[in-house]
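Spelled out from the first residue to the last, the chains are:
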Amino acid sequence: MSDLTFTAAMVQMRTGLLPQPSLEQGTRLIREAAAQGADYVQTPEVSNMMQVNRTALFEHLAAEEDDLSLRAYRALAAELKIYLHIGSLALRASAERAVNRSFLIGPDGGVIASYDKIHMFDIDLPGGESYRESANYQPGETAVIADLPWGRMGLTICYDVRFPALYRALAESGAAFLTVPSAFTRKTGEAHWHTLLRARAIENGCFVFAAAQAGLHENKRETYGHSLIIAPWGEILAEGGVEPGVFLAKIDPARVETARKTVPSLQHGRRFSVADPKAGPEYLHLVRGSA
């Protein structure tokens, strides 16, 4: 173990319809994590509220500078002297649009970094479940990295995990820790959660920290839970179930270097062209950078 070891805690929540009860739940669990010795604590995506109804959502949204949950969490980080990563808060960006924004808060209560979710969850699942995140939220456009005492951390949120190029870019920019606070549906979680997160850890030689929403919420949405802490070699160090709680693991950043020396795929990546850049659906051309 190196001298720079630390304890990471994933706070698993069941966020409700309103910010105040959700804040009380989050605060209680964060305090529990700190009491167990956590140095870094992460909460899930949309820690402040989960609203399906657009009118109700916008009724309770606040701008970042006015958000009571953010203010309370900044004070809590300072009180507990921890690095507190609020997986995301739903915040008002304009009269018509919200943002899904993650906050990394330092032990002094200052915001070290914030990140707006880039990839919007717009899907129709078998069985009738349908989600249109882009109907209410505006996507972010910038990948974000922050420096912590133990190494560099890359910030992402939930559906981002299905876009491996984002994680490779963060790893190539020096990230040793990849964060994926989430509110995965039960159906997609059962199929893909563990596989996707372990793949992001293995292919980049990074720790992955993923706090999750869990269970049947007030808005009738069911989330998968199973918050995870994954080592760079792919081992699961801590895992939640389907109830709210706190899940901790000791983190040795030296394991990043060990994994990357064993399989140095980050050094082996090569740029390449596609033989027929016009092949494939039109919507992919933008991703590939074609005109």
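Residues numbered from 1 in each chain as written. Predicted model: local features only at pLDDT ≥ 70, side-chain atom pairs only at ≥ 80, totals over all residues. Heavy atoms only, no water.

Condition: UniProt positions are given in the numbering used here, feature names are shortened, and annotations may be inferred rather than shown by experiment.
The protein has the name CN hydrolase domain-containing protein in an unreviewed UniProt entry, where Bradyrhizobium canariense is given as its organism. The annotation that UniProt attaches to the protein under Sequence similarities (unreviewed entry) is "Belongs to the carbon-nitrogen hydrolase superfamily. NIT1/NIT2 family."

1. Quick look at the sheet that holds strand β2 (residues 40–42)
Rule in force here: In short, DSSP must find at least two bridges between two strands for them to pair. Secondary structure elements follow DSSP: runs of H or I of four or more residues count as helices, runs of E of two or more count as strands, with numbering from the N terminus. Orientation is described by lines fitted to C-alpha atoms, with helices fitted over the stretch in contact, and by angles between N-to-C directions that extend from 0 to 180 degrees.
With mixed pairing, 6 strands are arranged side by side in an open sheet as β5-β4-β3-β2-β1-β16. Across the chains shown, the open sheet's two edge strands, defined by having one partner strand only, are β5 (111–116) and β16 (245–251). For this sheet the average axis-to-axis angle between neighbouring strands, irrespective of direction, equals 25°. Here strand β3 (residues 83–92) pairs with strand β4 (residues 98–105) via 7 bridges, running antiparallel. In the strand pairing of β4, L91 is matched with V99.

2. Comments concerning the sheet that holds strand β11 (residues 207–210)
The line we're drawing: In this description, contact between two residues means that some pair of their heavy atoms is separated by no more than 4.5 Å.
Within the open sheet, the 6 strands sit side by side as β8-β9-β10-β11-β14-β15. Their pairing is mixed. Among the strands making up the open sheet, the edge pair consists of β8 (144–148) and β15 (236–239). Here the average twist between neighbouring strands, direction ignored, is 20°. Across 3 bridges, the pairing between strand β14 (residues 228–230) and β15 is antiparallel. Across the sheet, residue I229 finds its bridge partner in β15, namely A238. Along the sheet face, helix α5 (residues 186–204) touches β10 (175–179), β11, β14 and β15 and points at about 25° away from the line of β14. Lying on the sheet, helix α6 (residues 254–262) is in contact with β10, β11 and β15; it crosses β10 at an angle near 105°.

3. Quick word on unusual backbone geometry
In most cases, non-glycine residues show a negative phi, while peptide bonds are predominantly trans. Counted only if it meets this: Partly exposed residues are those whose accessible area sits between 20% and 50% of the maximum for their type, while under 20% is buried and over 50% is exposed, using a 1.4 Å probe and protein chains only.
Its identity as a non-glycine residue notwithstanding, V46 has a phi of 40°, on the positive side. Located in the positive-phi region is K220, a residue other than glycine, with phi close to 75°. By secondary structure assignment, the location of K220 is in the loop between β12 (214–216) and β13 (222–224). Given the relative accessible area of 66%, K220 is considered exposed.

4. What about helix α1 (residues 19–35)?
Threshold: The span one expects for a helix is its residue count, reduced by one, times 1.5 Å.
Here α1 spans 24 Å end to end across 17 residues, near enough to the 24 Å set by a 1.5 Å rise per residue. Among all positions of α1, only P19, S22, L23, Q25, G26, T27, L29, I30 and A33 are buried. Of the surrounding secondary structure, the elements contacted by the buried residues of α1 are β1 (6–12), β2, α2 (54–60), α3 (68–80), β3 and β16. Of the residues trailing α1, G37 is marked for its positive phi of about 95°.

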